[in-house]
Amino acid sequence: MDTHFDETYVLLLLADSNLPTGSFVASSGFESYGTHGFLSLSSASSAGKGRAATAGTVAFIQDSLHTYSRSALPFVSDAHRVVDSFKDLKGKPEIGHDATIKKLLELDELYETMTLNHVAKRASKAQGVALLTLYAKGFACPSGLSDEDHLSKSLTVLIDHLKLMVRGEETHGHLPVCWGVLTGALGISLLRAQHLFLFLHARSLLSSAVRLNTIGPYSSQQLLLHSVKPLVEAEVSQNKDMRTGIFADMHHNDADDRPATTWPLGEILAVRHDLQHSRIFNS
């Protein structure tokens, strides 16, 4: 089977909006952003309202993508590389099982420490463990399948172990780390994994805008193609080489290539999500 076709096929599966990952109930602060008046919906005319809402939505996506790519993408990259190193243990990946789990736990703990508000932590954990469950129940080879190889079995054991640790509250299971684990296990290249990660974040924000009646479904698709595409591409290009800095052997030591939050206003609005009198999202 053509390797490129295999990767493309898995990407199509991961891009399915019906995947049970929990993203449908998360707005990543967009609901609070609108509630606090930052979408500028007080324009006099209805046409003015529509334009202001669209411009406000794009502005939020731009700022959200920028801070999320700087703060989360390095964890995706390092988790993906950890799983790739596990897969490179030809024939005997079980010898690296404990070391791999240890590295993933270090990444998870660092992301927990760097995530500044409880609302974002809650949403990230819920979606992260959903991804691990998705692999175990939806993407792992069925037991007894004749073409299931030793590596596939080892990856399933590894991810099941990590999932049980999350369920047992031994680790947090944050979304960026679990996304890196999932895409690495499925054989998605790092660059494709990074690109899809940010694309899905942007698409989720637009989906939230549609559900909040800020924009319509046709406008959402138009923005996703014409306005959001260059934003995603720019963030991937700028931040694809960033690393967390906790694995000294995996990258160079450059303080500028470390995770960071770049949008303090977004953090403040996100942490105020639970203070809204009525809300339809969990974050």
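Whatever comes next refers back to the structure up there.
Every value quoted in this text rests on a predicted model; they were computed, and no experiment measured them.

**Description of the environment of Tyr111**
And step 1. Within the secondary structure, Tyr111 is located in helix α5 (residues 97-114).
And step 2. Not counting residues within four places of it along the chain, the set of residues in contact with Tyr111 comprises Tyr68, Ser71, Ala72, Phe75, Ser124, His174 and Pro176.

**Describing helix α11 (residues 264-271)**
And step 1. All of the buried residues along α11 are Gly266, Leu269 and Ala270. Viewed end-on, α11 has its buried residues packed into an arc of 100 degrees, placing them on one side of the element.
And step 2. Next to the buried residues of α11 lie α2 (30-35) and α6 (118-139).

**So, the pattern of salt bridges**
And step 1. According to the stated counting rule, one finds 6 salt bridges in the structure shown.
And step 2. Beyond isolated ion pairs, a larger network of salt bridges with shared partners links Glu112, Lys121 and Lys125.

**Looking at the nonpolar core**
And step 1. Counting 62 residues, the largest nonpolar core has Trp179 and Phe197 as its most contacted members.
And step 2. Considering every element that reaches this core, the biggest residue donor is helix α9 (residues 190-211), with 9 residues.

**Overview of the packing of aromatic side chains**
And step 1. Throughout the structure, instances matching the rule amount to 10 aromatic pairs.
And step 2. With a centroid separation of 6.4 Å and 20 degrees between ring planes, the pair formed by Phe30 and Tyr33 is classed as stacked. Of the two residues, Phe30 and Tyr33 are both situated in helix α2; the distance of 3 residues between them amounts to about one turn of the helix.
And step 3. The buried category is assigned to Phe30, whose relative accessible area is 1%.
And step 4. Ring geometry for Trp179 versus Phe197: centroids 6.2 Å apart, planes at 40 degrees, classification tilted. Of this pair, Trp179 sits in helix α8 (residues 175-185) while Phe197 is found in helix α9, placing the two residues 18 residues apart along the sequence.
And step 5. Judged by relative accessible area, which is 4%, Trp179 ranks as buried.

Parameters and conventions
Residues numbered from 1 in each chain as written. Predicted model: local features only at pLDDT ≥ 70, side-chain atom pairs only at ≥ 80, totals over all residues. Heavy atoms only, no water. Helix = DSSP H or I, 4+ residues; strand = E, 2+ residues; numbered from the N terminus. Contact = heavy atoms within 4.5 Å. Buried < 20%, exposed > 50% of the residue type's maximum accessible area, 1.4 Å probe, protein only. Arc of directions from axis to C-beta. Salt bridge = Lys/Arg side-chain N within 4 Å of Asp/Glu carboxyl O. Core = buried A, V, L, I, M, F, W, Y, C linked by side-chain atoms within 4.5 Å. Phe/Tyr/Trp six-rings, centres within 6.5 Å; stacked < 30°, edge-to-face > 60°.

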